Amino acid sequence: MAKEMPHSIEAEQSILGAMLVYPSLVRTVVDQDLHAEEFYVEAHQRIFGCMMDLHENGQNVDVTTLITRLNDTSQLALVGGADYVIKLSDSAVSSANGVFYIDIIKQRYHLRRLIETAEKIAEEGFDSSSSLDDVLDHAEKEILEVTRSRRASEFQSSKEVVGRVIKELEGCDPDRATLEEYADPDSEKDFGKNIIPR
C-alpha cells in the first residue's frame, strides 16, 4: 500500500484558525510567502485563497467575512460549510506560534514536490529509450526548480534532501530502484546506475 504524502492537517488547521482570530497573523503569513498550493487539503487551499482575497481587497479576515466570501464564490459547501470555518477558529493557536506552523506547512509541501520529482526522475530511468544524458539533464532541472522555490534561508543540504526523498520512495515500493548511492555526493557511481532496478 502506498504511503501517504507528507502533510500536517493539524498545522494547516491551526494556522487558518489563528488567521481568523489574530488579524496581525495575516501580515505574518504574507511576509512568510505562504501560498494556497502549499496546503495539502483542498478545502484548506480554498479557504486560504479566500482569506488572501479578502486581505488584498482591504477587508478584515474573520469568521463572518470568510463565510460570506466562500458563499459568494460558491465554495462554502466545498470546504465543509460554515460549521467547519467556525471549527477552525476554535482550533486557533497563539499568534506567537504562527511562524512555526507556517514552517511545518512549507516543509511538508516541499517534501511532496521533491518526492513527486524524484518519482518522475526514476520513471525516466526505467525508460530504456531515455539516454543517461537526458535523464541527468532533466533531473538537474527538476531538482533546481524545486529548490529555487524555497527562500535561501530555508535551504537544506542536498544530501539531507535526497536522503529523505529516497526513504519516502523506498517506503512506497521496496521493489523499486535502489537509490542510496544517489544520496552520497561523493559516490563514484553515476546516476544512471543508481536508478537501475535490483
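Source: prediction; values computed, not measured. (Residues numbered from 1 in each chain as written. Predicted model: local features only at pLDDT ≥ 70, side-chain atom pairs only at ≥ 80, totals over all residues. Heavy atoms only, no water.)

**Things to note about the overall build of the chain**
At step 1: Along the backbone of the chain there are nine helices and zero strands.
At step 2: When the helices and strands of the chain are placed in sequence order, the string is α-α-α-α-α-α-α-α-α.
At step 3: A total of 198 residues make up the chain; the buried ones form 38% of that total.
At step 4: The long-range fraction of contacts in the chain, counting pairs at least 24 apart against all pairs at least 6 apart in sequence, stands at 65%. (Helix = DSSP H or I, 4+ residues; strand = E, 2+ residues; numbered from the N terminus. Buried < 20%, exposed > 50% of the residue type's maximum accessible area, 1.4 Å probe, protein only. Contact = heavy atoms within 4.5 Å.)

**A short note on the confidence of the model for the chain**
At step 1: Of all residues in the chain, 73% attain a pLDDT of 70 or more, and the chain-wide mean is 80.
At step 2: Scored below 50 in pLDDT, residues 176-185 shows 35 contacts in the model against residues more than four places distant or in partner chains.
At step 3: For the stretch residues 187-198, pLDDT sits under 50, and the model shows 30 contacts to residues farther than four places along the chain or on other chains. (pLDDT = per-residue confidence, 0-100.)

**What about the packing of helix 3 (residues 42-56) against helix 4 (residues 63-72)?**
At step 1: Where helix 3 contacts helix 4, the two axes come as close as 10 Å, and the packing angle between them is 110°. With respect to helix 4, the element helix 3 is oriented roughly perpendicular. Contacts between helix 3 and helix 4 involve Arg 46, Ile 47, Cys 50, Met 51, Asp 53 and Leu 54 on the former and, on the latter, Thr 65, Leu 66, Arg 69 and Leu 70.
At step 2: Here the residues of the contact of helix 3 with helix 4 sort into six nonpolar, one polar and three charged. (Axes fitted to C-alpha atoms, helices over the stretch in contact; angles between N-to-C directions. Parallel < 35°, antiparallel > 145°, perpendicular 65-115°, else oblique. Nonpolar A, V, L, I, M, F, W, Y, C, P; charged D, E, K, R; others polar.)

**Some words on the nonpolar core**
At step 1: Membership of the largest hydrophobic core comes to 32 residues, with the highest contact counts inside it found for Ile 15, Ile 47 and Leu 66.
At step 2: Where this core is concerned, the elements lending two or more residues are helix 1 (9-21), helix 2 (24-31), helix 3, helix 4, helix 5 (81-90) and helix 6 (98-126).
At step 3: The greatest single-element share of this core, amounting to seven residues, is contributed by helix 3. (Core = buried A, V, L, I, M, F, W, Y, C linked by side-chain atoms within 4.5 Å.)

**Focus on the packing of aromatic side chains**
At step 1: In total, this model carries two aromatic pairs according to the counting rule given.
At step 2: Look at Phe 39 and Phe 48: their rings are 5.0 Å apart centre to centre, the planes differ by 40°, and that puts the pair in the tilted class.
At step 3: A ring pair is formed by Phe 100 and Tyr 101, whose centres lie 5.3 Å apart and whose planes are at 75°; its orientation type is edge-to-face.
At step 4: The exposure class assigned to Tyr 101 is buried, which follows from its relative accessible area of 14%. (Phe/Tyr/Trp six-rings, centres within 6.5 Å; stacked < 30°, edge-to-face > 60°.)

**Here's the deal with the pattern of salt bridges**
At step 1: Applying the stated criterion across every chain, the model contains four salt bridges.
At step 2: One salt bridge connects Glu 38 with Lys 106, and the closest N-O pair in it is separated by 3.0 Å. Pair noted here: Glu 38 is in the loop between helix 2 and helix 3 and Lys 106 is in helix 6, with a separation of 68 residues, a long-range link. Like Glu 38, the residue Lys 106 is buried in the burial classification. (Salt bridge = Lys/Arg side-chain N within 4 Å of Asp/Glu carboxyl O.)

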